[in-house]
Protein chains: 2
Amino acid sequence: MKRIADSTVRRLSMYLRYLEDLDARGQKTASSDELALLCHTTPAQVRKDLSFFGSFGKRGLGYPVHDLTSQLRHILGLEHEWKVVIIGAGKIGAALANYRGFRQRGFRIEGVYDVSPDKIGQPWGEAIIRSMDSLADDLAGQDSVIAVLAIPSDDAQSVVDTMIAAGVRAILNFAPAQIVVPAHVSLKSVNMAMELEGLSFALTNNHGYRGVA
Amino acid sequence: MKRIADSTVRRLSMYLRYLEDLDARGQKTASSDELALLCHTTPAQVRKDLSFFGSFGKRGLGYPVHDLTSQLRHILGLEHEWKVVIIGAGKIGAALANYRGFRQRGFRIEGVYDVSPDKIGQPWGEAIIRSMDSLADDLAGQDSVIAVLAIPSDDAQSVVDTMIAAGVRAILNFAPAQIVVPAHVSLKSVNMAMELEGLSFALTNNHGYRGVA
DNA sequence: GTAGCTTTGTGAAGAATTTCACAAGCTCCT
DNA sequence: AGGAGCTTGTGAAATTCTTCACAAAGCTAC
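All figures in this text were calculated on a predicted structure; none of them were measured in a lab.

Turning next to the overall build of chain A. Scanning chain A for helices and strands turns up nine helices and nine strands. The dimensions of chain A, computed from C-alpha atoms along their principal axes, are 60 × 45 × 35 Å. Taking all contacts inside chain A whose residues are at least 6 apart in sequence as the whole, residues at least 24 apart take part in 56%. Surface summary for chain A: the accessible area is close to 9800 Å², and the carbon and sulfur share equals 51%. Treating the 23 positive side-chain charges of chain A as one cloud and the 23 negative ones as another, the clouds have centres 10 Å apart.

Written out as structure tokens, the structure is:
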């Protein structure tokens, strides 16, 4: 299969969100025009994105909403539930655990881990904070696990190494640090300071620069 | 000035982070090779990125660390402090308020606002949760303000409209919703569910796809 | 059934971004 | 002072991503 750009995957994710809305409202079909309008992109872009994976629409009619929803869920690998472990029982970890969007979209928070001995064993919402040492055992045999890293930068790389040794193959990193992972592990980083700096740049150099929605 | 790509700005931000480290350690110069290694990019990319803004290096020697640090801070508009108001006194707002990276890099949390009458007036860390209605007055005359939106999606657009009416010109949005802003307002959105879905896609279709560090 | 309207799917064109490759410039050493 | 050894800055090439434009195909009405 051809390599799919990151930007394409993000848009697929967005199409899915809106298609789910339309489906819930009982709308049967949607044209690339309509989707483009909702997602602030172009009809051509919508069609091109979808065409990488097959031809789901009917000419003259548009895309069947319910069917395309399933197809996108399949493409994005959202047909089964993903188990999410949160590493770092701090404020960011807490915010993520409560984030509505996760559960709604099939990501189930499975457990919370920390390195700090003070925190291990403490209750945390409905769960108990567990030790990183038990991660490998807890995940033994588990396949669809995504780890969310919400700890200070200093420890980030060493914790990542521990996680990978424990069998984690996907990491969403919130620590503002460059993390290195082997090729078989997928990593995404969200860096909030970097986003703010992007806004600072835009405000400082407003030569027609526009932020990204 | 030429339009600067978003990806370029993100990398500048990253160069700055590492240059600050090097500066703190007393290193005098750094080559594009060294920066590229630290930031996981290529030397040519580093040079090209910097060359959009001037020529800061010395051939045969590299870039003067301390000087380039200042230059980048200037380019990114980080020479003065930015005031950050957090809209939404929930878990995400709390996490952001405590995020070390913000304060460290010149973003000062100025106040917390909410729409919910139950929350308004309540203490929140060292501050008191304020009403959105007072936003316009509070910001009157203030120039360098960035609003961080951490509320549920349903209210997002209407709150954004209120903020813009109050004079906000830069918004970092954490609500998983498409927000529309007029051209003079800069907007960046962070969508955590979308990031997780990207990982789900990568794990499901691991045909050489690699996440982004 | 076919004319007219609509919308997809897709090569090809265009734009944007990254990488290449090398001349020019600086430092250090002798 | 001159040559050797680096490293920058930058046009040009390559690659990646987006937009265009249109043939092919479905639907509706008569």
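The discussion continues.
Quick look at the pattern of salt bridges now. All names here are of chain B. Evaluation of the coordinates by the stated rule reveals 21 salt bridges over all chains. The closest approach of N and O atoms between Arg 10 and Asp 6, which form a salt bridge, is 3.8 Å. Here Asp 6 and Arg 10 lie together in helix H1 (residues 6-24), a separation of four residues that amounts to about one turn. Relative accessible area serves as the criterion here: at 28%, Arg 10 is assigned to the partly exposed category. Here Arg 11 and Asp 49 are joined by a salt bridge, their closest N and O atoms 2.6 Å apart.

The next subject is the protein's contact with DNA strand C. Residues in close proximity to DNA strand C total 24 residues, the closest being Ser 32, Arg 47 and Tyr 63 of chain A together with Arg 11 and Arg 59 of chain B. Close to the protein, within 4 Å, the atoms of DNA strand C belong to sugar or phosphate groups at a rate of 62%. The side chain of Lys 48 of chain A places a nitrogen or oxygen atom 3.4 Å from a base oxygen of DNA strand C. At a separation of 3.0 Å, a sugar or linking oxygen of DNA strand C approaches a polar backbone atom of Gly 60 of chain A. If you list the elements that add at least two residues to the surface near DNA strand C, you get helix H3 (43-51) of chain A together with H1 and helix H3 (43-51) of chain B. Among the elements that line the surface near DNA strand C, the one with the most residues is H3 of chain B, at four residues. Looking at side-chain class alone, the surface near DNA strand C contains five nonpolar, 11 polar and eight charged residues.

Let us now look at the protein's contact with DNA strand D. Around DNA strand D sit 23 residues in total, of which Arg 59 of chain A together with Ser 32, Arg 47, Gly 60 and Tyr 63 of chain B are the nearest. What you see for DNA strand D is that sugar and phosphate hold 63% of its atoms within 4 Å of the protein. Between DNA strand D and the protein, one listed contact pairs a sugar or linking oxygen with a side-chain N or O atom of Gln 45 of chain A at 3.5 Å. Backbone polar atom of Phe 56 of chain B to a phosphate oxygen of DNA strand D: 3.1 Å apart, as the coordinates give it. Where the surface near DNA strand D is concerned, the elements lending two or more residues are helix H1 (6-24) and H3 of chain A together with H3 of chain B. Counting residues per element, the surface near DNA strand D draws most heavily on H3 of chain A, which supplies four residues. Split into classes, the residues belonging to the surface near DNA strand D amount to five nonpolar, 10 polar and eight charged.

What follows covers the packing of H1 of chain A against helix H2 (residues 32-39) of chain A. All names here are of chain A. Close contact between H1 and H2 brings their axes to 10 Å; oriented N to C, the two are set at 110 degrees. By the angle between their axes, H1 is roughly perpendicular relative to H2. Where H1 abuts H2, its residues Met 14, Tyr 15, Tyr 18, Leu 19 and Leu 22 lie against Glu 34, Leu 35, Leu 38 and Cys 39.

Before going further, it helps to examine empty space enclosed by the protein. Enumeration according to the criterion identifies three cavities of 30 Å³ or more in this entry. Considering the residues around the largest cavity, the lining is formed by Ile 92, Ala 95, Leu 96, Phe 174 and Met 192 of chain A together with Ile 92, Ala 95, Leu 96, Phe 174 and Met 192 of chain B. Contributing elements (two or more residues each) for the lining of the largest cavity: helix H5 (91-98) of chain A together with helix H5 (91-97) of chain B. A per-class count over the lining of the largest cavity returns 10 nonpolar, no polar and no charged.

A few words on the interface of chain A and chain B. Each partner contributes to the interface: chain A provides 76 residues, whereas chain B provides 76 residues. Carbon and sulfur atoms make up 62% of the surface buried where chain A meets chain B, a total of about 7200 Å² over both sides. At the junction of chain A and chain B, the tally comes to four salt bridges. The residue Glu 197 of chain A makes a salt bridge to Arg 105 of chain B at a minimum N-O spacing of 2.3 Å. In this structure, the connection of chain A to chain B is made through 18 residue pairs in polar contact (both at pLDDT 80 or more). Top element by residues in the side of chain A that touches chain B is helix H9 (residues 192-204) of chain A. It accounts for 13 residues.

What follows is about H3 of chain B. Every buried residue of H3 of chain B is listed here: Val 46, Asp 49 and Leu 50 of chain B. Across the axial projection of H3 of chain B, the buried residues extend over an arc of 95 degrees, all falling on one side.

Criteria and cut-off values
- Residues numbered from 1 in each chain as written.
- Chains lettered and ligands numbered in written order.
- Predicted model: local features only at pLDDT ≥ 70, side-chain atom pairs only at ≥ 80, totals over all residues.
- Heavy atoms only, no water.
- Helix = DSSP H or I, 4+ residues; strand = E, 2+ residues; numbered from the N terminus.
- Contact = heavy atoms within 4.5 Å.
- Areas by Shrake-Rupley, 256 points an atom, 1.4 Å probe, with all protein chains shown as cover.
- Lys, Arg positive; Asp, Glu negative; His and termini not counted.
- Charge placed at Lys NZ, Arg CZ, Asp CG, Glu CD.
- Salt bridge = Lys/Arg side-chain N within 4 Å of Asp/Glu carboxyl O.
- Buried < 20%, exposed > 50% of the residue type's maximum accessible area, 1.4 Å probe, protein only.
- Near = heavy atom within 4 Å.
- Polar contact = N/O pair within 3.5 Å; in protein donor to acceptor, adjacent residues only side chain to side chain.
- Nonpolar A, V, L, I, M, F, W, Y, C, P; charged D, E, K, R; others polar.
- Axes fitted to C-alpha atoms, helices over the stretch in contact; angles between N-to-C directions.
- Parallel < 35°, antiparallel > 145°, perpendicular 65-115°, else oblique.
- 1 Å grid on protein atoms, 1.4 Å probe; cavity = no way out; pocket = protein on both sides within 12 Å on 5 of 7 lines; lining within 4 Å.
- Points joined across faces, edges and corners; volume = space filled by probe spheres on them.
- Buried area = accessible area lost by both parts, 1.4 Å probe.
- Arc of directions from axis to C-beta.

So far we have only geometry, and geometry alone does not tell us how the molecule works.
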